[in-house]
Amino acid sequence: MGLRPVHVNIKAVDAPAVGKFWAEALGWDAYSPGVTTYVGPPGGLVWPDPVVVGVDVVPVPGAKTAAKNRTHLDLATTSLEHQAELVARLKDHGATALDIGQGDVPWVVLADPEGNEFCVLEPRERYRDTGPIAAVVVDCVEPRAMAGFWGEAMGWAVHRATDDLVLLRSAKGTGPYMELFRSPAADTAPDRVHLDLLPDPGDDKAAEVARLKALGAADLDLGQGDVPWTCLTDPEGHEFCVLALP
């Protein structure tokens, strides 16, 4: 039994425009197979992608209201020149610089055109093989406890653990990291960015949902109605969804 993240779900008022922005940010293409805009590697839409974690931009009627999202993306770069070029290019495409109290750091904090925070990292050896998304970063109160939940949920291994930061990655050693970062207080605002998980081929979705609830997940009613996916929250209230196999 197992689950894997297949995309990062980003809510946006103008989903096609935000999707095009993220395609530019990741060097991928934006596809519109339905009401959402999916961002994945070029060459045609492949979902679920066997390797990468994509981005799915979902249209919603309301703009971002939370002061800061609890989940954001860190983007990888291969050199300082690449970092500077990417930052400049994304600003030309609607990104804005943010000061969230980061001080003098080697990474650059930006927001997409609808205010969703992300970071463009300086080159780091750890992220040399992650692809354009270095990490999915989640603010939480207790990183170690959250690592227990997410590690069991996805079968991911801990690569580093302190009281303030835990790094998880697929046991296959592919794709981005999940980084659980200590935040002084939980934010209960609806999540603008969350992970969507998919059962492994042959696994039963209902059984996986039951397993997650046994680990501490809870049902979430967003008014989604009768849909093939299941909305849940982790033990600290972060939203995520378990999708149905195609």
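So, here's what we can say about the structure. Since this is a predicted model, take the numbers as computed values, not measurements.

Basis of the calculations
- Residues numbered from 1 in each chain as written.
- Predicted model: local features only at pLDDT ≥ 70, side-chain atom pairs only at ≥ 80, totals over all residues.
- Heavy atoms only, no water.
- Helix = DSSP H or I, 4+ residues; strand = E, 2+ residues; numbered from the N terminus.
- Expected span 1.5 Å × (residues − 1).
- Core = buried A, V, L, I, M, F, W, Y, C linked by side-chain atoms within 4.5 Å.
- Buried < 20%, exposed > 50% of the residue type's maximum accessible area, 1.4 Å probe, protein only.
- Contact = heavy atoms within 4.5 Å.
- 1 Å grid on protein atoms, 1.4 Å probe; cavity = no way out; pocket = protein on both sides within 12 Å on 5 of 7 lines; lining within 4 Å.
- Points joined across faces, edges and corners; volume = space filled by probe spheres on them.
- Nonpolar A, V, L, I, M, F, W, Y, C, P; charged D, E, K, R; others polar.

**Here's the deal with helix 1 (residues 15–26)**
- In this model helix 1 runs 16 Å from its N-terminal to its C-terminal C-alpha over twelve residues, within 8% of the 16 Å that 1.5 Å per residue would give.
- Backbone geometry just downstream of helix 1 places Gly-27 in the positive-phi region, at approximately 70 degrees.

**With respect to the nonpolar core**
- Counting residues in each nonpolar core, the largest one holds 50 residues, and the members touching the most others are Trp-22, Leu-75 and Trp-150.
- Counting residues per element, this core draws most heavily on helix 1, at seven residues.
- In contact with Trp-150, other than residues within four places in its own chain, are Gly-155, Leu-168, Met-178, Leu-195, Leu-197, Asp-234 and Phe-240.

**Considerations on the layout of surface pockets**
- Estimated volume of the largest pocket: approximately 810 Å³.
- Around the largest pocket, the lining is made up of 36 residues, and of these Asn-9, Thr-36, Val-58, Asp-196 and Trp-229 lie nearest the centre.
- Taken together, the elements giving at least two residues each to the lining of the largest pocket come down to strand 1 (3–12), strand 4 (54–59), strand 13 (193–199) and strand 16 (239–242).
- Per-element tally for the lining of the largest pocket: the top contributor is strand 1, with three residues.
- Broken down by class, the residue content of the lining of the largest pocket amounts to 19 nonpolar, ten polar and seven charged.
- In this model, the second largest pocket occupies a volume close to 540 Å³.
- Forming the walls of the second largest pocket are 24 residues, and the residues nearest its centre are His-72, Asp-74, Trp-107, Val-137 and Phe-181.
- Among the elements of the structure, strand 5 (71–75), strand 9 (133–140), strand 11 (165–169) and strand 12 (177–182) are those that each provide at least two residues to the lining of the second largest pocket.
- It is strand 12 that contributes the most residues to the lining of the second largest pocket, three residues altogether.
- The residue inventory of the lining of the second largest pocket, partitioned by class, reads eleven nonpolar, four polar and nine charged.

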